[in-house]
Amino acid sequence: MARFTSIASIALSLCGLFIISHAWEHLSELELESVVNNNDGAAVVAFINPSDKRSENLEIEWSLVIPGAQLPFVSVDCEANPGLCASYGMSSYPILKMLKQGKVESTYNGPRRAFAILAWVDRVQRPVVSEVSTAALEDFKKADSTTFIAYLDAGDEVSKSAFAGVAERYREEFTFGMATDEATLTAEKAAAPVVRCYKHLDDDEHELTSVSDTEALERFVKEASRPIIGELLPHNHQRFLDRGWSMVYVFAATEAERSHIRSDLKKMARGYYETLTMVTVDPLEFPDLPAKLGLDPSVLPAGAVHQLSKDRIYPYPRGRGWTSNELQTWGLDVWQGRIRPWTPPGVTTAYEDLGGRIKATQRVSMRNIPGVKIKIGGRDEL
C-alpha cells in the first residue's frame with residue numbers, strides 16, 4: 001500500500017526537538033560537486049550569506065531540518081564563494097535548491113521554516129500527479145498543507161491532460177493526485193469529473209467541476225490554495241494583489257509573533273475570506289514595504305489596509321492591540337469613512353467619497369469560477 005508523509009507528521013516530528021546551535025558546515029566547490037554528482041538521489045543546498053540576517057534566521061530552522069532529513073542537506077557560503085553561487089544563478093540570499101546529478105531539480109519559494117522545507121522536499125520527489133487508491137486516499141489528503149485530487153472517469157483523457165498540465169506548473173507549491181477507480185469515486189461520493197482541494201490545517205475544502213477548462217482550473221488552484229491568513233512571499237505577492245480585493249498586511253519581527261497573530265485572527269479572517277486578502281509579513285523579506293504603507297519600519301507589530309480599488313492606504317494605529325475585536329472595530333471605522341487614508345509626504349489629496357462598501361478592482365473570487373463549491377468546517381458555503 002502506498003504511504004505518504006503528512007505535513008502534520010512532519011510538524012510533529014519537529015516538536016520536542018530543542019533549538020540547538022548548528023553552525024553552517026559549508027562545502028567547497030569540489031565538495032559540492034562530489035555531493036551533487038555522485039549522490040544516487042538528490043541533495044538540498046542552501047546558498048547563504050553569513051552576514052545576512054535572513055541567512056542567520058534560516059540557520060535556526062536548518063538545525064531542525066537536519067534530524068528529519070532523508071536527503072543530504074549541505075550549504076555554500078556565497079560570501080566566500082561568489083563565483084560558485086553565481087554559476088547557480090544566485091542574486092539574493094538565502095536560496096534553497098534541490099540538485100540532482102548536478103542539475104537544479106527545484107527551487108524553494110516557501111516560508112523558511114523547518115516543517116515547510118521538509119514538506120517541499122517530499123512534494124517535489126513525488127510524481128507530478130500521483131495515482132491515489134481508496135486505501136491511500138485519507139493519508140494522501142493530508143500529505144501536504146494543500147492537496148488537490150482529481151476524481152475522473154478512467155477514459156476522460158481531456159480532463160486528465162488539463163489537470164496534469166496545471167499540476168506541472170504548480171508542483172513545487174502543492175501536491176496533486178488523481179483517482180479514477182469506481183470504488184474511490186463511490187466512497188468519496190464524487191461525481192466525475194471533479195477536483196477537490198483539501199486544506200486540513202484550515203479545515204476547509206473546495207471543489208471544481210469544470211476540470212477540462214484549463215483556465216478555470218488554474219484560477220481555481222491559485223484561489224482555492226490561498227490560506228485563510230496567508231504568508232506574504234516574493235512569489236505570491238502579485239498573486240494576492242491580482243485578486244483585486246483589499247489587502248490587509250500585518251508585520252511582525254519573528255515567526256513566533258506572526259504565527260500567534262495568525263492563530264488569534266483566524267476565526268475573524270475566515271468570515272472575510274472572500275472579500276479581503278489577509279497576510280502576515282516578515283519585514284526582512286519586504287524591507288521597503290512598510291514605508292510604502294505609511295508605517296515606521298522600526299515599530300512592530302504594525303499593519304495597514306490597502307484598498308486596491310481606489311489605491312488608498314489605511315495604516316493601523318500604533319499601540320492598538322491585535323485582537324479580532326479591536327481590528328474589526330477599526331475596520332468598521334474605515335468602512336464608514338470615519339478614518340481618512342494616509343497621504344504620503346508632499347502629496348495633497350482631497351477625499352470626497354469616503355465611506356461605503358470597499359469594492360474590488362477585479363473581483364477575483366472562487367464564486368466567479370464556474371463549477372466551484374466551497375466547504376468549510378464540513379458544511380457547504382456555496
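See the structure shown above.
Colleague: I'd like a description of the pairing of strand E11 (residues 246–251), backed by residues and values.
Modeller: Within a regular strand, side chains alternate between the sheet's two faces. A large share of E11 lies buried, amounting to six of its six residues. Burial along E11 is two-sided: Ser 246, Val 248 and Val 250 and Met 247, Tyr 249 and Phe 251, pointing in opposite directions, are all buried. As paired strands, E11 and strand E12 (residues 276–281) are joined by six bridges and run parallel to one another. Note that in E12 the partner of Met 247 across the bridge is Thr 277. Handedness of the E11-helix H11 (residues 255–271)-E12 crossover: right-handed. Sheet topology note: the E11/strand E13 (residues 302–307) ladder contains five bridges and is antiparallel. Residue pairing in the sheet places Val 250 in a bridge with Gly 303 of E13.

Colleague: Any details on the state of the cysteines? Residues and values, ideally.
Modeller: In this structure the tally under the stated criterion is one disulfide. Residue pairing for Cys 78: its cysteine sulfur links by disulfide to Cys 85, the two sulfurs lying 2.0 Å apart. On the S-S bond that ties Cys 78 to Cys 85, the torsion sits near -90 degrees, and the link is left-handed. Taken individually, Cys 78 and Cys 85 each receive the classification buried, so the pair is uniform in this respect.

Colleague: Give me the sheet that holds E13: which residues, what numbers.
Modeller: Across the sheet, which stays open at both edges, the five strands sit in the order E10-E12-E11-E13-E14 with mixed pairing between neighbours. Of all strands in the sheet, those bounded by a partner on one side alone are strand E10 (230–231) and strand E14 (312–315). Relative to E12, H11 is tilted by about 160 degrees, and along the sheet it contacts E10, E11 and E12.

Colleague: Requested: an account of the pairing of E13, with residues and values cited.
Modeller: For E13, the buried fraction is high: six of the six residues fall into the buried class. Where burial is concerned, the two faces of E13 agree: the one with Ala 302, Ala 304 and His 306 and the one with Gly 303, Val 305 and Gln 307 are both buried. As judged from the four bridges shared by E13 and E14, these two strands associate in the antiparallel manner. Bridging from a neighbouring strand, His 306 pairs with Ile 313 of E14. Two successive antiparallel strands, E13 and E14, enclose a turn made up of four residues, where Asp 311 displays a positive phi of approximately 55 degrees.

Colleague: Could you give me a rundown of the nonpolar core, with the residues and numbers involved?
Modeller: Membership of the largest hydrophobic core comes to 22 residues, with the highest contact counts inside it found for Val 44, Phe 73, Leu 96, Met 98, Ile 117 and Trp 120. For this core, the elements supplying multiple residues, two or more each, are strand E1 (42–48), helix H3 (53–68), strand E3 (95–100) and helix H5 (114–125). The element that contributes the greatest number of residues to this core is H5, accounting for seven residues. Once residues lying within four places of it in the same chain are set aside, the contact partners of Leu 96 are Val 45, Ala 46, Leu 58, Trp 62, Ser 106, Thr 107, Tyr 108, Ile 117 and Trp 120. Of all hydrophobic cores here, the second largest spans 20 residues; its members include Leu 152, Ala 167, Phe 176 and Val 211.

Colleague: So what's going on with the sheet that holds strand E2 (residues 73–77)? Residues and values would help.
Modeller: Across the sheet, four strands lie side by side as E2-E1-E3-E4; this open sheet has mixed pairing. Single-partner strands in this sheet number two, and they are E2 and strand E4 (103–107). Each neighbouring strand pair of the sheet contributes to a mean axis angle of 35 degrees, computed without reference to strand direction. Bridge analysis of E1 against E2 gives five bridges, and the strand direction is parallel. When the sheet's bridge partners are listed, Ile 48 is paired in E2 with Asp 77. Set on the sheet, helix H2 (residues 29–38) makes contact with E1, E2 and E3; between it and E1 the angle comes to about 150 degrees.

The rules behind these values
- Residues numbered from 1 in each chain as written.
- Predicted model: local features only at pLDDT ≥ 70, side-chain atom pairs only at ≥ 80, totals over all residues.
- Heavy atoms only, no water.
- Buried < 20%, exposed > 50% of the residue type's maximum accessible area, 1.4 Å probe, protein only.
- Helix = DSSP H or I, 4+ residues; strand = E, 2+ residues; numbered from the N terminus.
- Pairing = 2+ DSSP bridges.
- Right-handed = clockwise from strand over helix to strand, strands pointing away.
- Disulfide = S-S within 2.5 Å.
- Contact = heavy atoms within 4.5 Å.
- Axes fitted to C-alpha atoms, helices over the stretch in contact; angles between N-to-C directions.
- Core = buried A, V, L, I, M, F, W, Y, C linked by side-chain atoms within 4.5 Å.

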